[in-house]
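# Understanding the architecture of this molecule
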Amino acid sequence: MTSSAFTIMWRSVSTLLIAAMLSASCDVAAPRSRVARIRQRGFLVCGVFPGVAGFAQMDGQGHYTGFDVDICRAVAAAIVGSAERIRYEPVASIDLLQRSSDVDIVSRRLTWSLRREGLHVLFGPVTFYDGQSFLVPERLRVDHAAELAGIPVCVAEGSEHDVTLTAYFRRHQIALDKVPVVDGPAGGRALAEGRCQALSADVSELASIRSAMDNPRGFRILADRISQEPLAQLVRQEDVDLFNVLRWTVFAMIAAEELGVTSANISAMAARDDPDIARLLGVSPGNGAALGLDEAWARHVIADVGNYGEVFERNLGMATPIGLERGLNALRIRGGLLYAPPLK
């Protein structure tokens, strides 16, 4: 082989090696999207906080139920086509989301706040408008927080509820007789035993505590809210594709309720001559492509999990042990705060 031929061959080999290295480098620099990873894995990994009745509970067979659980089930249905293709992981803090790359989404009664969002996470739409209030015995003739002056109030010592309670009573010049307890359930026991006459915590927690009491009908939650606690699911800041799916899955559930589409009538509604329903259920294509999902993604969500109203009533409504009215969590057209942007 002549020196010139060798030089030409070496240049060709070098070019191929450089191209291969660049290709490998691009693969490392551009990891697969979170939604693509979920699809390849075949199931969603959802971080929950089991033990709060109505929101997330696990039975003796390891089966999860609750409002927070159903939101995750809906996201799984949207991405992989079935609400059952999901794995749950206990998540005690947002920090676990950053430390465990396996957990895709966290759904566990977390208030959307500025400092939490500063932890490199993205909150989805508000799925439950919560707020701090008071659980009192029916025999206590009070209807408002201002009437609790001088009445022993249990609160978890050193908690955000403690801070909010103290600040509210000071601001409104209400005499506070605070009874510190370890946590909410301990406060519920103290209330039942008469060691205090009111328990202050978020309504979602108060309703859960009440449901576990021997005589839940003997206690009621005051209408006053001394804080605003918008609860939402969250994902990592970099998982924008999953964030978009989370957002529009929640919006699809809200829109379905407003349009009257339920898990029971979905087939009949799909046959109706209604452009909004046709777009929602994928009869008229386009929404799925916009999210990178199957065109029937929202149909899977509603068929497997239900619309927002079905999920609320099944887990938290007046016919359940939790016994919550819709309140702010009703549709806008019914006096609440919920409505969805146009799904088109």
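Along each chain, the written sequence defines residue order, and numbers are assigned to residues from 1. Only residues with pLDDT of at least 70 are given local features in this predicted model, and only at 80 or more are side-chain atom pairs given and counted; all residues enter the totals for whole chains, interfaces and linings. To obtain the side-chain values, all non-hydrogen atoms of the structure were included, while hydrogens and water were left out.

### Here's the deal with the nonpolar core
Our working definition: Nonpolar cores were defined as sets of buried Ala, Val, Leu, Ile, Met, Phe, Trp, Tyr and Cys residues, with membership established by side-chain atoms within 4.5 Å. Under the scheme applied here, a residue whose accessible area is under 20% of the maximum for its type counts as buried, over 50% as exposed, and between as partly exposed, the area being computed with a 1.4 Å probe on protein chains only.
Ranked by size, the top nonpolar core spans 80 residues in total, and within it Phe-67, Ile-79, Val-261 and Leu-280 carry the most contacts. In this structure, Phe-134, Val-153, Phe-169 and Ala-198 belong to the second largest nonpolar core, which totals 16 residues.

### Here we look at the pairing of strand β12 (residues 229-236)
What counts is decided by this rule: Numbering of helices and strands starts at the N terminus; helices are DSSP runs of H or I of at least 4 residues and strands are runs of E of at least 2. Criterion used throughout: strands pair if DSSP finds at least two bridges between them.
Counting buried positions over the 8 residues of β12 gives 7, a clear majority of the element. In this structure, strand β6 (residues 121-130) lies alongside β12, joined through 7 bridges in antiparallel fashion. Note on β12: the bridge partner recorded for Phe-123 is Leu-234.

### Description of the state of the cysteines
Heads up, the condition is: Throughout, a disulfide means two cysteine sulfur atoms within 2.5 Å of one another.
For the structure on display, the rule yields 2 disulfides. Across the disulfide, Cys-46 is cross-linked to Cys-72 (sulfur-sulfur distance 2.0 Å). Its S-S torsion of approximately 70° makes the covalent link between Cys-46 and Cys-72 right-handed. Taken as a pair, Cys-46 in strand β1 (residues 44-48) and Cys-72 in helix α3 (residues 67-80) lie far apart in primary sequence, 26 residues in all. Across this residue pair, the class does not change: Cys-46 and Cys-72 are buried. Paired by a disulfide, Cys-154 and Cys-196 hold their sulfur atoms 2.2 Å apart.

### Focus on unusual backbone geometry
Despite not being glycine, His-120 shows a phi value in the positive range, around 65°. With respect to the helices and strands, the residue His-120 is situated in the loop between α5 (114-117) and β6. Positive phi outside glycine occurs at Gln-173, with the angle close to 55°. When you line up the elements, Gln-173 lands in the loop between α6 (160-171) and β9 (177-181). Using a relative accessible area of 75% as the deciding quantity, one classes Gln-173 as exposed.

### Notes on the layout of surface pockets
Note the threshold: As defined here, a cavity is a set of points on a 1 Å grid over the protein atoms alone where a 1.4 Å probe fits but cannot get out. A pocket is an open set with protein on both sides within 12 Å along at least five of seven lines, and residues line them when an atom is within 4 Å of a point. Grid points are joined across faces, edges and corners, and a volume is the space filled by probe spheres set on the points. Think of it as three bins: nonpolar holds Ala, Val, Leu, Ile, Met, Phe, Trp, Tyr, Cys and Pro, charged holds Asp, Glu, Lys and Arg, and polar takes everything else, Gly as well.
Roughly 970 Å³ of volume is contained in the largest pocket. Surrounding the largest pocket, 39 residues form its lining, Arg-109, His-161, Ala-201, Asp-202 and Glu-205 being those nearest its centre. Ranked by the residues each element gives to the lining of the largest pocket, the list is headed by helix α7 (residues 184-193), at 5 residues. Grouping the amino acids of the lining of the largest pocket by side-chain chemistry returns 16 nonpolar, 12 polar and 11 charged. Reported here for the second largest pocket is a volume of approximately 480 Å³.

### Looking at the pattern of salt bridges
Heads up, the condition is: Salt bridge, as used here: a side-chain nitrogen of Lys or Arg that lies within 4 Å of a carboxyl oxygen of Asp or Glu.
In total, this model carries 15 salt bridges according to the counting rule given. Asp-143 serves as the salt-bridge partner of Arg-220, at 3.5 Å between the closest nitrogen and oxygen. In this pair, Arg-220 is assigned in strand β11 (residues 219-221) and Asp-143 in the loop between β7 (132-137) and β8 (152-156), connecting sequence segments 77 residues apart. You can call Arg-220 buried: its relative accessible area is 18%. Within the structure, one salt-bridge network assembled from shared partners comprises Arg-34, Arg-41, Asp-104, Arg-236 and Asp-239.

### A short note on the sheet that holds β11
Just so we agree on the cut-off: Axis geometry follows a simple rule: fit a line to the C-alpha atoms, using only the stretch in contact for helices, then measure angles between N-to-C directions, giving values from 0 to 180 degrees. Throughout, a residue-residue contact means that at least one pair of heavy atoms, one from each residue, lies within 4.5 Å.
If you trace the 5 strands from one edge of the open sheet to the other, you get β9-β8-β10-β7-β11, paired in mixed fashion. Edge positions in the open sheet fall to β9 and β11, since each of these has one partner strand only. Sheet twist, expressed as the mean angle between neighbouring strand axes with direction ignored, is 30°. As defined by bridge partners, β7 adjoins strand β10 (residues 198-202) across 4 bridges and the pair is classed as antiparallel. Residue pairing across strands places Ser-133 opposite Ala-201, the latter belonging to β10. On the sheet, α7 packs against β7, β8, β9, β10 and β11 and is oriented at approximately 155° with respect to β10. Where helix α8 (residues 203-211) meets the sheet, it contacts β7, β10 and β11, and its direction lies at approximately 125° from that of β10.

These values are about where atoms sit, not about what they do.
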